[in-house]
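So the chains spell out like this:
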Amino acid sequence: MPLTEKHREYWHRNLKLTSLLLAIWFLATFVVSWYARELNEIVLIGPLGFYMGAQGALIVYVLIIWYYARRMNQMDKQYGVQEGDE
Amino acid sequence: MAGRPSNAHFLQQLQRYYSFYTGGFVAFVVMVGILEMLGVSIKILGYIFLFATILLYAGIGFMAKTADVSEYYVAGRRVPALFNGMATGADWMSAASFIGMAGTLYLTGYDGLAFVMGWTGGYCLVALFLAPYLRKFGQFTIPDFLGARYGGNIPRLIGVFATILCSFTYVIAQIYGVGIITSRFTGLEFTIGVFVGLAGILVCSFLGGMKAVTWTQVAQYIILIVAYMIPVVWLSVKHTGNPVPQISAYTSALPKVSALEKEFNDPETAKGRAEESVRQIFRERAAAARDRLQGLDAGGSEFLVSEKAKLAEELKTLKGTVPINYRAIEAAEKALRQFPADIATARTAWSADEAIKARAGPVKPHAEAFAAKDEVGRDIARKNFLALVFCLMVGTAALPHILMRFYTTPSVEQARRSVFWSLFFIFLLYVTAPALAILVKFEVYSNLVGTSFAQLPAWVSNWAAVDKTLMNITDINKDGLVQLAEVVIGGDLVVLATPEIAGLPYVISGLVAAGGLAAALSTADGLLLTIANALSHDVYYKIIDPNAPTTRRLVVSKSLLLLVAVVAAYVTSLKPGDILFLVSAAFSLAASAFFPALVLGIFWKRANQLGAILGMVAGLGICMYYMIQTYPFFGINAAKWWGINPISAGIFGVPTGFIGVVIGSLISPAPSREIQALVDYVRYPNLKGDTA
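Residues numbered from 1 in each chain as written. Chains lettered and ligands numbered in written order. Predicted model: local features only at pLDDT ≥ 70, side-chain atom pairs only at ≥ 80, totals over all residues.

1. Notes on the overall build of chain B
- A tally of regular secondary structure across chain B gives 26 helices and two strands.
- Against the globule reference of 26 Å for 692 residues, chain B gives a C-alpha radius of gyration of 28 Å, in line with a compact fold.
- For chain B, the spread of C-alpha atoms along the principal axes amounts to about 100 × 65 × 45 Å.
- With 692 residues in all, chain B has 50% of them scored as buried.
- Long-range pairs, those at least 24 residues apart, make up 81% of the contacts in chain B with a sequence separation of at least 6. (Helix = DSSP H or I, 4+ residues; strand = E, 2+ residues; numbered from the N terminus. Rg over C-alpha atoms; globule rule 2.2 N^0.38 Å. Buried ≥ 20, exposed ≤ 12 C-beta atoms within 10 Å, placed from the backbone. Contact = placed C-beta atoms within 7 Å.)

2. A word on the overall build of chain A
- What chain A contains, in helices and strands, is three helices and two strands.
- Its helices and strands in sequence order give chain A the pattern α-α-β-β-α, from N to C terminus.
- Taking 86 residues into account, the globule formula puts the C-alpha radius of gyration at 12 Å, and chain A, at 18 Å, lies well above it.
- Oriented by its inertia axes, the alpha-carbon framework of chain A measures out at about 55 × 25 × 15 Å.
- Contacts in chain A between residues at least 24 apart in sequence constitute 50% of all its contacts with a sequence separation of at least 6.

3. Quick look at the domain arrangement of chain B
- Parsing chain B into structural domains produces domain 1 (6–238 + 386–431 + 508–576) and domain 2 (270–360).
- Each of domain 1 of chain B and domain 2 of chain B was reduced to a C-alpha centroid, and the two centroids are 50 Å apart. (Domains from an automatic or database assignment.)

4. Focus: the packing of helix 12 (residues 301–320) of chain B against helix 13 (residues 326–337) of chain B
Residue and element names in this part refer to chain B.
- Following both chains from N to C, one finds helix 12 and helix 13 inclined at 160°, their axes separated by 10 Å at the closest point. Between helix 12 and helix 13, the crossing angle belongs to the class labelled roughly antiparallel. Helix 12 and helix 13 meet at a crossing whose hand is left-handed. Mapping the contact onto sequence places Leu-311, Ala-312, Glu-314, Leu-315, Leu-318 and Lys-319 in helix 12 and Ala-328, Ile-329, Ala-332, Glu-333, Ala-335 and Leu-336 in helix 13. (Axes fitted to C-alpha atoms, helices over the stretch in contact; angles between N-to-C directions. Parallel < 35°, antiparallel > 145°, perpendicular 65-115°, else oblique. Left-handed = near helix turned anticlockwise from the far one by under 90°.)

5. Notes on the nonpolar core
- Formed by 229 residues in total, the largest nonpolar core has its most connected members in Ile65(A), Ile175(B), Leu224(B), Val394(B), Val419(B), Leu528(B) and Ala590(B).
- It is helix 9 (residues 190–240) of chain B that contributes the most residues to this core, 22 residues altogether.
- Aside from chain neighbours lying at most four places away, what touches Ala590(B) is Ala162(B), Cys166(B), Gly395(B), Ala398(B) and Leu399(B). (Core = buried A, V, L, I, M, F, W, Y, C linked by C-beta atoms within 7 Å.)

6. Brief notes about the interface of chain A and chain B
- Facing 45 residues of chain A, the contacting portion of chain B comprises 48 residues.
- Listing elements by their share of the side of chain A that touches chain B, those giving two or more residues are helix 1 (5–34), helix 2 (36–39), strand 2 (46–47) and helix 3 (48–78) of chain A.
- In terms of residue count, the dominant contributor to the side of chain A that touches chain B is helix 3 of chain A (18 residues).
- Here the side of chain A that touches chain B is built from residues that sort into 25 nonpolar, 14 polar and six charged. (Nonpolar A, V, L, I, M, F, W, Y, C, P; charged D, E, K, R; others polar.)

7. Some details on the environment of Ala54(A)
- With respect to the element layout, Ala54(A) can be found in helix 3.
- Take Ala54(A): there are 29 C-beta atoms within 10 Å of it, and that puts it in the buried class.
- In contact with Ala54(A), not counting residues within four places along its chain, are Leu113(B), Val116(B) and Pro434(B).

8. Topic: unusual backbone geometry
Residue and element names in this part refer to chain B.
- For Lys-478, which is not a glycine, the phi torsion comes out positive at approximately 55°.
- Tracing the chain through its elements places Lys-478 in the loop between strand 1 (471–473) and strand 2 (487–489).
- Residue Trp-642 is not a glycine yet carries a positive backbone phi of 50°.
- For Trp-642, a count of 10 C-beta atoms within 10 Å gives the class exposed.

9. Quick look at the confidence of the model for chain B
- Overall, the prediction assigns chain B a mean pLDDT of 85, with 98% of residues at 70 or greater.
- In the predicted assembly, ipTM is 0.94 and pTM is 0.89. (pLDDT = per-residue confidence, 0-100.)

10. Regarding the environment of Val178(B)
Residue and element names in this part refer to chain B.
- Mapped onto the secondary structure, Val-178 falls in helix 8 (residues 153–186).
- Overall, Val-178 belongs to the buried group, with 29 C-beta atoms counted inside 10 Å.
- On a C-alpha basis, the gap between Val-178 and Phe-195 in space is 9.1 Å, while along the polypeptide they are 17 residues apart.
- For Val-178, the contacting residues outside a window of four places in its chain are Gly-193, Val-194, Gly-197, Leu-517, Ala-520, Leu-521 and Ala-524.

11. A short note on the packing of helix 8 of chain B against helix 22 (residues 550–573) of chain B
All names here are of chain B.
- Across the interface, helix 8 lies against helix 22 with an axial gap of 9 Å and an inter-helix angle of 65°. Taken together, the axes of helix 8 and helix 22 lie roughly perpendicular to each other. Of the two elements, helix 8 crosses helix 22, and the hand of that crossing is right-handed. For the pair formed by helix 8 and helix 22, the contact residues are Phe-168, Val-171, Ile-172, Ile-175, Tyr-176 and Gly-179 on the first element and Ala-568, Ala-569, Val-571 and Thr-572 on the second.

Structure follows, in structure tokens:
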């Protein structure tokens, strides 16, 4: 089936959302861990570098996936590519 | 599938069943607790837990038996997001997560967080790159996708090979875990424990395939999370008065642990002085061993004879001294008796003695990242930490037994939600493990260190009596008090001993064992099914006999399941070494083999068959090559690339895989129109529903 403009836009927006969330994932994982020693100097709930690895990053991951599912399920409806009603 | 009116009803029904189930399980635990109070022996309680839970899993498997292909392979594609999340959680969390992780964190502090981050962050990649698209594709296995997307049997066969390679190494570690747990808690022999556990796994997956495995895994998740949480919450209340360990560990326990670490490392304080005296003894022993090793190098067997003569002389002098020191004589007699008979044993024994210098160093601060003695060492530690996180994450997003679970949801929408629930349920345990490690460390540092050897806490003497590898405590400097340097703890102890540390009755220890068993069994279930399905569906049905009738497909599948299970149990009973390495290697292997080909297959239409073949072979090849070159087990010990450890070989394999797919695709013609249409089909949840 040929794709319409609208289909292309859906896919484009999906890619944009995916890249954005991937960037957050990268930041929370690799950039924060890279500076773990420096961040450990800051103490909020425990040393920050340690806390981010033990809890902070995990919370970010859960939020990333939660937001992606919510946003994409909305966009499916917006672009008329959702599946039949459950 | 979508639009089936019974889905909402089905969800309600499931919620009701599992609420009853959870209530029933709690009642069961209470009942065992009452039996304990009535004085039933601990061994019998262990048996009750073991057999009751295995029977339960088998019962669920029996109720979910099926002869339908779709139910057998993908649970009829009607597992709601929430329940698929729980099943994925149990599928994912193995014995290593349940029993090993908190211990690793206890022993390594910050550096162990690579596992916590790696084994959760990978789900972001699953959610963003794979789960919704694989669900839309909607076949049965991961090689299925490779076969359909890239055409021909070669990509599929490489997929089957890689599936078996990583799942089999992984399943051996799980069955090993089952054997350890059953033998520790019931006193059965290791090999018998393996086969008892295996019987439980088999009844379940054999009768009902994915359908039975799914519903059993949900039940196992509930047991394992309850078993993990109760002791930790209790311990947190006991130490800090706060029932949320994830907060109390950081606000109240960690600062105290850090303060104690400083004290232990500061010879000006009383505790620091005591620690230093123990370390001094270790240093002397190591130095003596080093001198002996050097003497052995120079003098050979003559040196050995003269050393032995020296010992005999010492013993003689001791016996002649008044007053007679019986303890010293006994020690000297023992040393003489155990004196190595030849050069080879002497070298091994004295090298082991010299290794004791590892215990002579200062305490490593728990929160310190990338600890090393200089800047270069810290830099290598940091690189390896990030590389390991990367491999574990990409590996998570490439392990077939996890990806397969997302075939079982009713729709793409549910698949997306289900990744969220999966990570949420995994998060509950993973966010608790670092907190548990800190709480136990606090207990050891503040309550165990400084107590007298005559009045050791019950849990310490109990475990020291049961297993020296888990708890080894000796009064090295003979001051009658415990110093931290005198205690050696095995990682697994942390979870296993928590109920006793928290002062809970034995029934909770039994519950923890049942939780560990649930974690190991559920993962083993998923892995065995994945291997058997790759063989029966991809090799037998898709390649050998595409016209095979349904009944024969299921017979082949079930026979293969049995065969794989028996082979896996046999290999496990040989107790192969280096299990931890094998497990971690599975992640690097899966990442290198699958991730590039799967992701580019969805996000890059131009990717084609040659690209996939090149990418998978090159990625897997580089990964295996690097492991064989650098891992000591293989005996080559080539120089490491940029100081990266063999466990993180995927850091080279994954980029190679991507480059391979791109080059291979660009030097050969674009894929056919049908395949490009398949890519579009996978990208949109519903193309026909274009209402614009």
